[in-house]
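# Reading the structure
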Amino acid sequence: MGIISENVYSVLAELPRGVELVAAAKTRTPKEINEAIDAGLSTIGENYIQEAEAARATIGAIVNWHFIGSLQNNKVKKAVRLFDLIETVDSVALARAIGNEGLAQGKIMPVFIEINSGREPQKTGVMPENAQDIVRQISDIKGVKILGLMTMGPRTGNPEEARPYFVETRKIFEQLQKLDIARVEMKYLSMGMTNSYKIAIEEGANMIRLGSRIFGHRT
Ligand SMILES: *Cc1c(COP(=O)(O)O)cnc(C)c1O
């Protein structure tokens, strides 16, 4: 058995019920991704449209494809065509572009709103204090449907340092659930990567995104 399948088996065995796994597949070949799928993985996350096009052409619709990178306006059309869910919507303008493309392609595009939980100026994502307002505005856009929140959090050496950012994002998630905004389904909270997923799960993540834990270190 290959190392990728072993990794998938051991992660799936350790995940609590109700936590979904997204394999972050940037820089990985379709062969590596296929090994993970054969071992039971059902959702692939891609950061780059070109890579996703190539992988999807080989692998097809047997898994769910999530876009987890930063989406440029000129790539929206392809993203809507290639992906089942876009995790990284961080502006009303981007949501509008996705919605228009969704309508053109006869599809209601499921999205997550990305939260900049570290309030890092150079990073993508909506500032926590603007989340509610932006979710309300996007909820009115036809052709997109909000299904949850995603956050990266600042890069930290010690995973424990990521905890407050996960806590803050979960609070926003719960507030939005309570508000019960029309056409918004606050179902998924996507947070936690290889070094931080255990803490993210402790703090309420029901979707984690793992790259190196599954495929090994990126070279
Ligand atoms: C690469 C990536 C991950 C996974 O990172 P690892 O540390 O390899 O687990 C998760 N989310 C996003 C958005 C990524 O780009």
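Refer to the structure above for everything that follows.
Report follows, based on the coordinates. (Residues numbered from 1 in each chain as written. Predicted model: local features only at pLDDT ≥ 70, side-chain atom pairs only at ≥ 80, totals over all residues. Heavy atoms only, no water.)

### Comments concerning the site of the ligand
Note the following rule: Whether a residue is near a molecule or strand depends on its heavy atoms: if one lies within 4 Å, it is near. Here a polar contact is recorded for every N or O atom pair within 3.5 Å, except that within protein the pair must consist of a potential hydrogen donor and a potential acceptor, and residues adjacent in sequence are included only if both atoms are side-chain atoms. Surface exposure here means Shrake-Rupley accessible area, sampled with a 1.4 Å probe, where a residue is shielded only by the protein chains that are shown.
Residues in contact with the ligand amount to 13 residues; listed here are only the nearest, K26, N47, T194, G211 and S212. T194 places a side-chain nitrogen or oxygen 2.4 Å from an oxygen atom of the ligand. Side-chain polar atom of R209 to a nitrogen atom of the ligand: 2.9 Å apart, as the coordinates give it. Within the complex, the protein chains bury 91% of what would otherwise be the 390 Å² of accessible surface of the ligand.

### Details of the pairing of strand β3 (residues 64-67)
If a strand is regular, its side chains alternate between the two faces of the sheet. Counted only if it meets this: Strands are treated as partners if at least two bridges between them are detected by DSSP. In DSSP terms, a helix is any run of H or I states spanning at least four residues, a strand is any run of E spanning at least two, and both are numbered starting from the N terminus. Place the viewer so that the strands point away; then a crossover is right-handed whenever the path from the first strand over the helix to the second strand goes clockwise.
Inspection of the sheet shows strand β2 (residues 43-46) paired to β3 by four bridges, in the parallel sense. Across the sheet, T43 pairs through a bridge with N64, a residue of β3. In the classification by handedness, the crossover that spans β2, the intervening helix α3 (residues 49-59) and the parallel β3 is right-handed. Bridge count between β3 and strand β4 (residues 85-89): two bridges; the pairing is parallel. The residue bridging H66 from the neighbouring strand is L85, located in β4. Each parallel crossover has a hand, and the one from β3 via helix α4 (residues 76-82) to β4 is right-handed.

### Looking at the packing of helix α2 (residues 30-38) against α3
Heads up, the rule is: Simply put, an axis is a line fit to the C-alpha atoms, just over the touching stretch for a helix, and the angle between two N-to-C directions goes from 0 to 180 degrees. Orientation labels follow simple angle bins: below 35 degrees gives roughly parallel, above 145 gives roughly antiparallel, 65 to 115 gives roughly perpendicular, and whatever is left gives oblique. Crossing handedness follows the turn of the near helix against the far one: under a right angle anticlockwise gives a left-handed crossing, and clockwise gives a right-handed one. Contacts were defined at the residue level, with two residues in contact if any of their heavy atoms lie within 4.5 Å. Nonpolar residues are Ala, Val, Leu, Ile, Met, Phe, Trp, Tyr, Cys and Pro. Charged residues are Asp, Glu, Lys and Arg, and all others, Gly as well, are polar.
α3 packs onto α2 with a crossing angle of 55° between their chain directions and a minimal axis gap of 10 Å. In terms of axis orientation, α2 runs oblique to α3. As for the relative orientation of α2 and α3, their crossing is right-handed in sense. Of the residues in α3, those touching α2 at P30, I33, N34 and I37 are A55, T58 and I59. Partitioned by chemical class, the residues of the contact of α2 with α3 number five nonpolar, two polar and no charged.

### A closer look at the packing of aromatic side chains
Threshold: Pairs were defined over the aromatic rings of Phe, Tyr and Trp, the Trp ring being its six-membered one, requiring ring centres within 6.5 Å. Orientation was assigned from the angle between planes: stacked under 30 degrees, edge-to-face over 60, tilted for the rest. We call a residue buried when its accessible area falls under 20% of the maximum for its residue type, exposed when it is over 50%, and partly exposed in between, using a 1.4 Å probe and counting protein chains only.
Summed over all chains, the structure comprises two aromatic pairs. Ring centres of F67 and F83 lie 5.2 Å apart, and the angle between their planes is 70°; on these two criteria the pair is classed as edge-to-face. Remark: F83 occurs in the loop between α4 and β4 and F67 occurs in strand β3; sequence separation between them is 16 residues. What makes F67 buried here is its relative accessible area of 1%. On the basis of an interplanar angle of 40° and a centroid distance of 6.0 Å, the ring pair of F112 and Y188 is categorised as tilted. One end of the pair, F112, is in strand β5 (residues 109-115); the other, Y188, is in strand β7 (residues 188-190), with 76 residues separating them in the sequence.

### Describing the environment of R155
Looking at the element boundaries, R155 is found in the loop between β6 (144-151) and α7 (163-179). Considering only alpha carbons, one finds R155 and I214, 59 residues apart in sequence, at a separation of 19 Å.

### Looking at unusual backbone geometry
Of note, the phi angle at R119 is positive, near 50°, even though the residue is not glycine. Its place among the elements puts R119 in the loop between β5 and α6 (131-139). Classification of R119 by relative accessible area gives partly exposed; the value is 38%. The backbone of D180 shows a phi angle near 50°, a positive value even though the residue is not glycine. Given the relative accessible area of 61%, D180 is considered exposed.

### Examining α3
Given 3.6 residues to a turn, an α-helix orients residues that are three or four positions apart in the same direction. What counts, and what does not: As used here, the arc belongs to the directions running from the helix axis to the C-beta atoms.
Looking only at α3, the buried set comprises I49, A52, A55 and I59. Along the axis of α3, the buried residues cluster in a sector spanning 125°; they form a single face. Exposed side of α3, more than 90 degrees from the buried face: Q50, A57 and T58 are the residues found there. Looking at the packing, one finds that the buried side of α3 touches α2, β2, β3 and α4. Following α3 by one or two positions, G60 has its phi on the positive side, about 85°.

### Structural notes on the nonpolar core
To be explicit about the condition: Joining through side-chain atoms within 4.5 Å is the link that ties buried Ala, Val, Leu, Ile, Met, Phe, Trp, Tyr and Cys residues into a set, and such a set is a nonpolar core.
Counting residues in each nonpolar core, the largest one holds 66 residues, and the members touching the most others are I98, I138 and I214. Top contributing element to this core by residue count: helix α5 (residues 92-104), with five residues. If near-sequence neighbours (up to four positions away) are discounted, I214 is found in contact with I4, N7, V8, L21, A23, A36 and L41. Counting residues in hydrophobic clusters, the runner-up holds seven residues, among them V22, L85, L147 and M150.

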